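# An overview of the molecular structure
Read off the chains here:
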Amino acid sequence: FDLVMSDEFNVPGRTFRDGEDPMWTALNRNDFTNDALHYYDDNNIQTNENGELEIMTEAADTKYIGWDDAAMKNAHVEKHFKS
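Computed from a predicted model, the values in this text were never measured in an experiment.

This part is about the packing of aromatic side chains. Aromatic ring pairs are described here by two measures, namely the spacing of the ring centres and the angle between the planes. This model, assessed by the stated rule, comprises two aromatic pairs. Relative to phenylalanine 16, the ring of phenylalanine 9 lies with its centre 6.0 Å away and its plane at 70 degrees, an arrangement referred to as edge-to-face.

Given below as structure tokens:
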């Protein structure tokens, strides 16, 4: 095998918001798989002072607005979640 890309995340203070890193981009988005209620936030990933990759999680109040075509044809669905 030929190694075509490697990243050890060994640069302290590296962030991954859009346009800040030449190799990776963290997303700001919901993950709708398996009825997941989590949200990916690009502020929750960085390298620490030792250059180690840190991915943080946090409980937060959220609001989800979307469409549920399968259950209610084109009905507006709004859910509120409190941690």
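Let us now look at the pattern of salt bridges. Any two side chains of opposite charge can pair, on the condition that their charged atoms come close. One pass over the full model with this rule turns up three salt bridges. Residue glutamate 20 pairs with arginine 17 through a salt bridge whose shortest N-O separation is 3.3 Å. Here glutamate 20 falls in the partly exposed class, since its relative accessible area comes to 42%. Shared partners join several salt bridges into a network, and the residues in it are Asp7, Arg14 and Asp21.

Basis of the calculations
Residues numbered from 1 in each chain as written. Predicted model: local features only at pLDDT ≥ 70, side-chain atom pairs only at ≥ 80, totals over all residues. Heavy atoms only, no water. Phe/Tyr/Trp six-rings, centres within 6.5 Å; stacked < 30°, edge-to-face > 60°. Salt bridge = Lys/Arg side-chain N within 4 Å of Asp/Glu carboxyl O. Buried < 20%, exposed > 50% of the residue type's maximum accessible area, 1.4 Å probe, protein only.

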